[in-house]
Amino acid sequence: MDKTRDTPVLPHFTGCRSREQETFRCWWSAGTFSNLSEPGALVVFFQMKNTPLSDWQECPEYTATVENECYFSKTFTHIWTSYCVQLRATAQNITYDEFCFTVENIVHPDPPVGLNWTLLNVSRSGLNFDILVRWAPPPSADVHTGWMSLKYEVQYRQRNASHWDKLDLESGTQQSIYGLQTDKEYEVRIHCKMSAFHNFGEFSDSIFVHVAPIPSKESVFPTMVLLVSGVVGLLILLMLVIFSQQQRLMVILLPPVPAPKIKGIDPELLKKGKMDQLNSLLSSQHMYNQDTYREDPWVEFIQLDLDDAGEKSGSSDTQRLLGFTRPGPKGDDDSGRASCYDPDLLPDAEGLLAAHCEMEEHHPLVSESGPSTPSPEATDAPFLPFRTQPVGQSWINMDFYAQVSDVTPAGGVVLSPGQQSETPGMNPDEKKKKGEDAGDEEVEKEKKLQLLVVGSDGGYSPEVVARQVESSAPYSPAPENAYHALPPEPGEEPQTWSVGYLVPDGEAQAPYFLPEAPPASVLPPVSDYTVVQEVDGQHSLLLNPSAPQSPACPPNPTKHLPSMPAVPMGYLTPELLENLSP
Amino acid sequence: FSRSLQTVLFVALLCLDLRTHVGSAPICPHGHTGCHILSLADLFDRVIQHSARLHGLSSDLHSEFEHFFLPSKNHIGRVYRKCHTSSILTPNGKENAQKLAREELTEVILKLLTAWRDPLSQLHQSMAHQQDFNSFSSNKALELSDMVHELRKGVEKVTEKMQLLGMISNSVNGLSSSEALLPASESGEAMSDYELVYCFRRDSDKVQNYLKILKCRIVPEHGC
């Protein structure tokens, strides 16, 4: 109503209230009628709606001290009784306003008294605290007799905030406030109402709550210091790690371009005896190198028998590698695999050296599909997975053996098994020549065998190394590592097998070449071979062609070679070969 | 305090067995196993709490009625309504109630409670049939009816206990005359639902206050 001045406001009741449900008061206003604001101009009449209806009575008492107030004392206050009050002008018979109520519905209790607070606790961080607020019911309200049952509501706010936070109604006389902040000042007040009614009374005086923050600085400072020092320490550690592992990190972050490696078996694998990887590598090698090997018919390859490896025949990888397949007559179990070692051919003097196995196919060391060898396959002697392709004769127990045609400067041994079909005498020479020719690093086209040998005998180092280096690859340092010994199965026949193995790291394993059982009967056209005496420090082979025996070579059971009297320790020297060759 | 009160009430309920027995039953007669003998104060507390709940519920129902039927209310004016219980003489103030004899006070309470049993069930039925009220409100009316019934039983038990203890005479007879009361307005028409709710709210407040005053007079406590 903007036009308050123009619109006359009639005299009216501004309200009626009871504080304790025993008495009540009514107030009125004269409105814009200034002439009626004089005391006595307006009168209040009331009527109690009882049965029988009482008459209208004038206000029992006009409060002297308060203007425009009519006070109803206890005698005039009847609870649960409807009242109607009227505001009348004294002079005229005009009723300006009427107001009806029942007393219990106009009860606004006085505010509670004795509001105080106590600190309950302070949070660990020192940032928050809880308090317990206590009060007493208003003295005017008779709560002891139960005449009034009050419910209290506590409100609080920050000092200068505009919004009050309200807590739940409380029937008792205390309540907790949680989660106050320590560095802020709070204002708390309370008011109450009768249960089941809606009229709140006046608010009490506010109390102020303030808790000084507990040495926040001190508590925060050390944590900051700790945090910073922790971060710095971590950084230092990180730097140390980076610098110490710089090489590694460089490798990880900037992996070196793989140098062209001689494809073959990772020497690391061989060292650690990871046969599965080795086998897979070898088999893949087989596929890959198939073409290149075909070029040179003169190169024999030691054939790895991986069929068994793939078949999980149960024999260990080492066995398979060494050619120690399941015992028992196999007959032609090797599909197409030429067996250079044919125990039946023992009496045959030609069949001794595996180097004479013909090779019809150029298989890498790993070849599975044995070359079509005309030689009978019957080898019940376990053969190394890699064997030279037998031409016809086969070693009895020899796993295989290859002729060392040359020794690379790097210490690798270039093997070139000779062809069995040819005269032993010729082959060695030719082979040797070829071998020597091929011994150069440049002759990479030839397939050169490197290595191997396996010593099953106890005297030999149990490591068998089979490794083939592709000729295509330049002689990298790999050949140095090309010789790893693969541990033969302990349960193997003590055969022995074969070839010497080269251990590049100079282990005291018999660095020589032990063609152990080159029985005289199976001395096929063996190309000349040389006994590797030992490997010196520079990883170069020391060949001792004349040394018939290696000191470390225990006498090999010559059971398989009964008719080899002249072969000492199973060594076969070129001279012997010549003698033996038919 | 509330927990102990609840346990007390639970045991009291076991003993008093308010719901099943219509007739008055002795409160934990001697030899009755498993029944604690409750003090009169505990019984009073129980009925007072019950009456407080009753009053609260009736107040809620009244608020809902006002919300529905009297949306615009600028002042607290009340048109005079005559309730069917207006014929019962009730003390209108604290002093009057305190001056009244205990037996009379008890009788008044019982009269009031008895007078409202039937009207409340009528109210519930009439509210249930009307679509203006949601089920919550009509359920409240039903609950009010049940509570009034229970409270009456409770007060009867308390009365018996008081008579047993010799605190009041045996002249309390609140069951006979009030049953003849029928809810009728001045004009002879049946009271409307709103009027019923309004009147019951007032009467439940009376019952609550009377019980408190009675307890304070019967069971001496500090401040009474």
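Quick note: structure is the one above.
Residues numbered from 1 in each chain as written. Chains lettered and ligands numbered in written order. Predicted model: local features only at pLDDT ≥ 70, side-chain atom pairs only at ≥ 80, totals over all residues. Heavy atoms only, no water.

Draft legend 1. Quick peek at the overall build of chain B. A count of helical and extended segments in chain B gives 7 helices and 0 strands. Secondary structure elements of chain B, listed N to C terminal, follow the sequence α-α-α-α-α-α-α. Here chain B holds 224 residues, and the buried ones make up 50% of them. Here the analysis covers contacts within chain B between residues at least 6 apart in sequence; of these, 84% occur between residues at least 24 apart. When the accessible surface of chain B is split by element, carbon and sulfur atoms take 54% of a total near 10,900 Å². (Helix = DSSP H or I, 4+ residues; strand = E, 2+ residues; numbered from the N terminus. Buried < 20%, exposed > 50% of the residue type's maximum accessible area, 1.4 Å probe, protein only. Contact = heavy atoms within 4.5 Å. Areas by Shrake-Rupley, 256 points an atom, 1.4 Å probe, with all protein chains shown as cover.)

Draft legend 2. Region of the structure containing the overall build of chain A. Looking only at helices and strands, one finds 8 helices and 22 strands in chain A. Counting the 582 residues in chain A, one finds 54% classified as buried. Across chain A, contacts joining residues at least 24 apart in sequence account for 70% of those joining residues at least 6 apart. Surface exposure of chain A reaches about 25,500 Å², of which carbon and sulfur atoms provide 56%.

Draft legend 3. Structural context of the side chain of T106 of chain B. Along the chain, T106 of chain B falls in helix α4 (residues 102-115). A polar contact is formed between the side chain of T106 of chain B and the backbone oxygen of R102 of chain B, at a distance of 2.7 Å. (Polar contact = N/O pair within 3.5 Å; in protein donor to acceptor, adjacent residues only side chain to side chain.)

Draft legend 4. Representation of unusual backbone geometry in the model. Positive phi, close to 60°, is recorded for N68 of chain A, a residue that is not glycine. Examined against the element boundaries, N68 of chain A turns out to sit in the loop between β4 (57-58) and β5 (69-72).

Draft legend 5. Examining α4 of chain B more closely. Residues and elements named next belong to chain B. End to end, α4 covers 20 Å across 14 residues, agreeing with the expected 20 Å (1.5 Å per residue, within 8%). Of all 14 residues in α4, 10 are buried, a share of seventy percent or more. Along α4, the positions that sit buried rather than exposed are E103, L105, T106, V108, I109, L110, L112, L113, T114 and A115. (Expected span 1.5 Å × (residues − 1).)

Draft legend 6. Examining the state of the cysteines more closely. All names here are of chain A. All told, the structure shown has 4 disulfides over all chains when counted by the stated rule. Each disulfide pairs two cysteine sulfurs, and for C16 the partner residue is C26, the sulfurs being separated by 1.8 Å. As the torsion about the S-S bond is roughly 110°, the C16-C26 disulfide counts as right-handed. Note that C16 is positioned in strand β1 (residues 12-17) and C26 in strand β2 (residues 24-29), a separation of 10 residues in sequence. Each member of the pair, C16 as well as C26, carries the same accessibility label: buried. Through a disulfide, C84 is tied to C100; the S-S separation comes to 1.9 Å. The sign of the 105° torsion about the S-S bond sets the C84-C100 disulfide as right-handed. Residue C84 is located in strand β6 (residues 82-89), and its partner C100 is located in strand β7 (residues 95-102); the two are separated by 16 residues in the primary sequence. (Disulfide = S-S within 2.5 Å.)

Draft legend 7. Fine view of the packing of aromatic side chains. Counted under the stated rule, the structure contains 17 aromatic pairs over all chains. Note on F65 of chain B and Y194 of chain B: the rings are 6.2 Å apart at their centroids and 45° apart in plane angle, and the pair reads as tilted. Here F65 of chain B is found in helix α2 (residues 40-69), whereas its partner Y194 of chain B is found in helix α7 (residues 193-218), with 129 residues between them in sequence. Owing to a relative accessible area of 1%, F65 of chain B belongs among the buried residues under this scheme. Ring-pair connections join several aromatic residues into one group, and the members of that group are F24, F46, F72, F76, Y83, F99 and F101 of chain A. Lying over the aromatic face of W164 of chain A, R189 of chain A brings its terminal NZ or CZ to 3.8 Å of the ring centre. The cationic tip of R189 of chain A hangs over the ring face of F203 of chain A; the distance from NZ or CZ to the ring centre is 3.6 Å. (Phe/Tyr/Trp six-rings, centres within 6.5 Å; stacked < 30°, edge-to-face > 60°. Lys NZ or Arg CZ within 6 Å of the ring centre and 35° of its normal.)

Draft legend 8. Representation of the pairing of strand β10 (residues 150-158) of chain A within the structure. Residue and element names in this part refer to chain A. Burial analysis of β10 places 7 of its 9 residues in the buried class, the great majority of the element. As paired elements, β10 and strand β13 (residues 185-194) share 9 bridges and run antiparallel to each other. The residue of β13 that forms the bridge with L150 is M194. From the end of β10 to the start of strand β11 (residues 165-166), which pair antiparallel, there are 6 residues. (Pairing = 2+ DSSP bridges.)

Draft legend 9. Spatial organisation of the pairing of strand β9 (residues 128-136) of chain A. All names here are of chain A. Direction of pairing for strand β8 (residues 113-122) relative to β9: antiparallel, over a ladder of 7 bridges. Looking at β9, one finds that W117 is bridged to V133. In this structure, β9 lies alongside strand β12 (residues 174-181), joined through 6 bridges in antiparallel fashion. The residue bridging N128 from the neighbouring strand is Q181, located in β12.

Draft legend 10. Focus on the pattern of salt bridges. For the coordinates displayed, the defined rule picks out 13 salt bridges over all chains. Two residues, E22 of chain A and K74 of chain A, come together in a salt bridge whose shortest N-O distance is 3.2 Å. One end of the pair, E22 of chain A, is in the loop between β1 and β2; the other, K74 of chain A, is in the loop between β5 and β6, with 52 residues separating them in the sequence. Measuring nitrogen to oxygen at the nearest pair gives 3.1 Å for the salt bridge that ties K74 of chain A to E95 of chain B. Taken together, the residues span two chains, with K74 of chain A in the loop between β5 and β6 and E95 of chain B in helix α3 (residues 94-99). (Salt bridge = Lys/Arg side-chain N within 4 Å of Asp/Glu carboxyl O.)

Draft legend 11. Spatial organisation of the packing of helix α5 (residues 117-129) of chain B against α7 of chain B. Residues and elements named next belong to chain B. Packing of α5 against α7 brings their axes to within 10 Å, and their N-to-C directions diverge by 140°. Between α5 and α7, the angle is such that the two are oblique. Every pair of crossing elements has a handedness; the one defined by α5 and α7 is left-handed. Every residue of α7 that contacts α5 at P119, L120, L123, S126 and M127 is listed here: D193, L196, V197 and F200. (Axes fitted to C-alpha atoms, helices over the stretch in contact; angles between N-to-C directions. Parallel < 35°, antiparallel > 145°, perpendicular 65-115°, else oblique. Left-handed = near helix turned anticlockwise from the far one by under 90°.)

Draft legend 12. Expanded view of the interface of chain B and chain A. Contacts between chain B and chain A engage 30 residues on the former and 29 residues on the latter. In total, chain B and chain A occlude about 2,500 Å² of area from one another, counting both sides; carbon and sulfur atoms represent 53% of this. The interface formed by chain B and chain A holds 3 salt bridges in total. Of the charged contacts, one joins E22 of chain A and K94 of chain B as a salt bridge, the two residues approaching to 3.0 Å between their closest N and O atoms. Joining chain B to chain A, the criterion identifies 10 residue pairs in polar contact (both at pLDDT 80 or more). Of all the secondary structure elements, the ones that give two or more residues to the side of chain B that touches chain A are α2, α3 and α7 of chain B. The greatest single-element share of the side of chain B that touches chain A, amounting to 11 residues, is contributed by α7 of chain B. (Buried area = accessible area lost by both parts, 1.4 Å probe.)

All we've got here are geometric facts, nothing functional implied.
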